[in-house]
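# Examining the three-dimensional arrangement
Below are the chains, spelled out letter by letter.
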Amino acid sequence: MGELNQDEGWYLYAAKQMTEGRLPYRDFAFTQAPMLPLLYSAAYGWIERYGLLGGRLLTWAFGILGMLSAVWLAMRSGPRRAQRLTGGICLILIALNVSQSYFTTVVKTYSLAAMFLCTGLTALSFVNRTRAFRPAFLSGLLLACAASTRISFGLALAVGGLYLIVCRQRLKAWAWLDYALGGALGLAATLLPFWVLGEAGFRFGVLDYHSLREAGSLGMRLAYKVGCLSRLSQAYLPAATGGLVLLGMAGVHLARRGAPMEGTPALPADSSRADLPPGFTPFLWVVVLLLGLLHLAAPFPYDDYFTPIYPVYCAALAATGVRWWRRVEKRRFAACSAPSQSARRLALLTAIGMVCALHAFASPLARGWFIAGRDRIWWRLREQSPIAQLRDAAQWARDLTLAEGGTLLLTQDIYLAVEAGLPVPRGMEMGPFSYYPDWTLERSEELHVLNRDMLMELLSTETNAPIAALSGYSFAIQSPNVTPVSREDQVALNAILQERFDHVESISSFGQAGTTLEFWRLKKVLEPVTSGGDENSE
C-alpha cells in the first residue's frame, strides 16, 4: 500500500539488465554499490512475474531476516537471564514502526544492508577467548557485503576491525586477522570485479557522485540537518524517547559515581557475559553513533538513510535498557517469586507494545495508505493502491507500444518500464537522474548518461519508442547536483516533444509525489500518395 518511489524503478531495472548480461558501471550508469542488483538479478524471474510487487516482497523478506538478526543480536548482547525480555523489546520497537516497515519493503538497499549489518555484528558477538576463526571470518565477510550494498557501511567494517585489535589481549589470538581475511574476501568478491570491468563508472557511481551535491550556505546545511533530526524523532519517537531516558540515567549515574547511594546493589553477575567480546554493547553504541554521524554529515541527509542503522540501535537500546531493568529488579523486587518476575516483564512488554502501536496508528504513512489527499474540507479516499495504479498504467503503456510496433518505452519513471516489461532507451537507466546537461559528449558516453545534446537528439530521432510516458519527474532534474532543470532546457525539450508527439491521455496523482503522468504517441509521417493508373500516362 506504500507510495511508489523512483529509486525502486532503477534498482529493479539494474537487476534486469544484469540478467541480460549487461553490468553496472561498465554498460550502464548506477550510483550505488552493486550488491542489490547482483542478488535481485538471481531472483528476477519472480520480479518479472509479479512486477514491482515481487520486488517489494523480496525486499520485505530481506527486511524480516534483518529484523530477526537484530533480535538475535539483542539477545546475545543483553543479560543472559533476561534474553526473552531483551529480544521482545527489540522486536516490538522494529516491527511496530510504520516508517521502518515501509522503508524495508520498498525496493531500496536498506533491507539488504540491515540484514548484512545485523548478521555481521551478531557473528562478531561469538568471538571470545576460545573461538575466533569462524565467527570472526564470517563477521568480516558479512560486513563487507553490507559495504557492497551501501558503501557508507564500510565504516562499520573498519570499526569492527579496530575493535578486535583493541581487544586482542582478551580474545583468542589472531581474531582480528581472521576478521580481516573475511572482509578482504567479501570486498574482493563483490566490488573488485565491477571496479576492474568498469573503473570509471564504478569510481563515479560509488564514490564521486555522492560527494558532488552541495547544500549551500552554513545556515542551509544546518537547517537540513535539524530537519532530518526532526523527521527522525517523529518517525522513531518511542525508540528515541527510550534512548534519551537511558542517556539521562547514564548522566545521573556518572554524576553520582563518586558517591553512590547507600544500599544500591552491584550490577547482576550476568551483565558482563563471558561468551561475548569485552565491552560488546558499548561497541554497538559506537557503531550506531559513527554511522549516524556519517549519514547526518551528508549534504542532504534524508531520514530514510538511517533505516538500516535502526535495528542495531534497537538491539543496543534493548540490551542496555534490560540491563538497567535487572538492576531495578535486584534492588526493589529481590524477594519476589519467579512468576511475579515474569508477570512484571510481560507487563513491561505490553506497555512498550501499546505505546509503539499507538505511535504506528498515528503515523502519516499509515494514513497515506487510505487517504489520497485533501480537497478543501474533504478527505479524498484512495480508489486503488499505488501498485494497482502502476499496473494499470503499465499495461496501457505496453499495449500502446506494441500496437505501434515499438520495442522501447520513452520514460524516466523506470518503475513503469519495469512493470510494463519494456526497456528504456540507452542512457536513461537511472530514470530522472540520467540527465547531465553540462557534461561533454565524451564524459557522458563514458559514464552512460545523457547530456543536453544527447537527450535532445534522442527525443528528435528515436523511432523505436513510439510511446512516451512522462510524469512530473521527467526532464525535471539535472545531475550530478540534483537541481531543477533550467527553464531554457525545459522549453526546448517540451518543444521537441510537442513537435514529434501527440498527447494521448493524462493520469493524475500518479507515482511518487502524486504528479500527473502524460502519455504521448509518436506522430505518423504520411507517405506521399502516387497514382498508379493515370489514363494519360501513356
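Residues numbered from 1 in each chain as written. Predicted model: local features only at pLDDT ≥ 70, side-chain atom pairs only at ≥ 80, totals over all residues. Heavy atoms only, no water.

## Some remarks on the packing of helix H4 (residues 52–77) against helix H16 (residues 310–332)
The interhelical angle for the contact between H4 and H16, taken along N-to-C directions, is 30 degrees, at an axis separation of 8 Å. The orientation of H4 relative to H16 falls into the category roughly parallel. When you trace H4 past H16, the crossing you get is right-handed. Every residue of H16 that contacts H4 at Ala 70, Leu 73, Ala 74 and Ser 77 is listed here: Pro 311, Val 312, Ala 315, Ala 318, Ala 319 and Arg 323. For the contact of H4 with H16, the residue count by class is 8 nonpolar, 1 polar and 1 charged. (Axes fitted to C-alpha atoms, helices over the stretch in contact; angles between N-to-C directions. Helix = DSSP H or I, 4+ residues; strand = E, 2+ residues; numbered from the N terminus. Parallel < 35°, antiparallel > 145°, perpendicular 65-115°, else oblique. Left-handed = near helix turned anticlockwise from the far one by under 90°. Contact = heavy atoms within 4.5 Å. Nonpolar A, V, L, I, M, F, W, Y, C, P; charged D, E, K, R; others polar.)

## Here's the deal with unusual backbone geometry
Residue Pro 480 is bonded to the preceding Ser 479 through a cis peptide linkage, with omega at 5 degrees. Counting through the fold element by element, Pro 480 comes out in the loop between strand S4 (477–478) and strand S5 (483–484). Positive phi values are uncommon outside glycine, yet Trp 174 reaches one of about 65 degrees. Mapping Trp 174 onto the fold places it in the loop between helix H9 (154–166) and helix H10 (175–190). Assessed through its relative accessible area of 55%, Trp 174 is described here as exposed. A positive phi angle, near 55 degrees, is found at Val 482, a position not held by glycine. Counting through the fold element by element, Val 482 comes out in the loop between S4 and S5. According to the relative accessible area criterion, Val 482 is partly exposed, its value standing at 21%. (Buried < 20%, exposed > 50% of the residue type's maximum accessible area, 1.4 Å probe, protein only.)

## Concerning the pattern of salt bridges
Side-chain pairs of opposite charge can arise where the charged atoms are in close proximity. Summed over all chains, the structure comprises 13 salt bridges. For Glu 8, the salt bridge is made with Arg 56, and the minimal N-O distance between the two is 2.8 Å. One end of the pair, Glu 8, is in helix H1 (residues 6–19); the other, Arg 56, is in helix H4, with 48 residues separating them in the sequence. The exposure class of Arg 56 is buried, given its relative accessible area of 5%. Across the salt bridge formed by Glu 429 and Arg 22, the nearest N and O atoms sit 3.5 Å from each other. In this pair, Glu 429 sits in the loop between helix H20 (414–420) and helix H21 (441–447) while Arg 22 sits in the loop between H1 and helix H2 (35–42), placing the two residues 407 residues apart along the sequence. (Salt bridge = Lys/Arg side-chain N within 4 Å of Asp/Glu carboxyl O.)

## Describing helix H22 (residues 452–461)
Along H22, the residues that are buried comprise Met 454, Leu 455, Met 456, Leu 458 and Leu 459. For H22, the capping residue at the N-terminal end is Asn 451, with a side-chain oxygen 3.3 Å from the backbone nitrogen of Asp 453. (Polar contact = N/O pair within 3.5 Å; in protein donor to acceptor, adjacent residues only side chain to side chain.)

## Describing the nonpolar core
Grouped together as the largest cluster of nonpolar side chains are 152 residues, with contacts concentrated most on Tyr 40, Cys 90, Leu 121, Phe 283, Leu 416 and Phe 519. With 10 residues, H16 is the single largest residue contributor to this core. When sequence neighbours within four positions are dropped, the list of residues in contact with Phe 283 reads Leu 121, Leu 124, Val 159, Gly 160 and Tyr 163. (Core = buried A, V, L, I, M, F, W, Y, C linked by side-chain atoms within 4.5 Å.)

## Examining the sheet that holds strand S7 (residues 515–522)
Read across the sheet, 3 strands follow the order S3-S7-S6 without closing on themselves; strand pairing throughout is antiparallel. Each end of this open sheet is capped by a strand with a single partner; those strands are strand S3 (467–470) and strand S6 (501–510). The average angle at which neighbouring strand axes cross in this sheet is 15 degrees, direction not considered. Where helix H19 (residues 386–403) meets the sheet, it contacts S3, S6 and S7, and its direction lies at approximately 170 degrees from that of S6. Contacting S3, S6 and S7, helix H23 (residues 487–500) crosses the sheet at an angle of about 120 degrees to S6. (Pairing = 2+ DSSP bridges.)

## Details of a nonpolar patch on the surface
On the surface, Ile 151, Leu 192, Trp 195, Val 196, Leu 197 and Leu 207 cluster together into a nonpolar patch covering about 520 Å² of accessible area. When residues of the nonpolar patch are assigned to their parent elements, the largest contribution, 4 residues, is made by helix H11 (residues 192–197). (Patch = residues over 30% accessible without salt bridge, like charges linked within 9 Å, V, L, I, M, F, W, Y side chains within 5 Å. Areas by Shrake-Rupley, 256 points an atom, 1.4 Å probe, with all protein chains shown as cover.)

## Focus: the confidence of the model for the protein chain
In regions of low pLDDT, the predicted coordinates are not meant to be interpreted in detail. Summing up the model confidence of the protein chain, the mean pLDDT is 90 and the portion of residues at 70 or higher is 94%. Throughout residues 259–271 the model reports pLDDT below 50, and contacts reaching past four residues in sequence, or to other chains, amount to 12 contacts. Contacts from residues 526–538, a stretch scored under 50 in pLDDT, to residues over four places away or in other chains number 0 contacts. (pLDDT = per-residue confidence, 0-100.)

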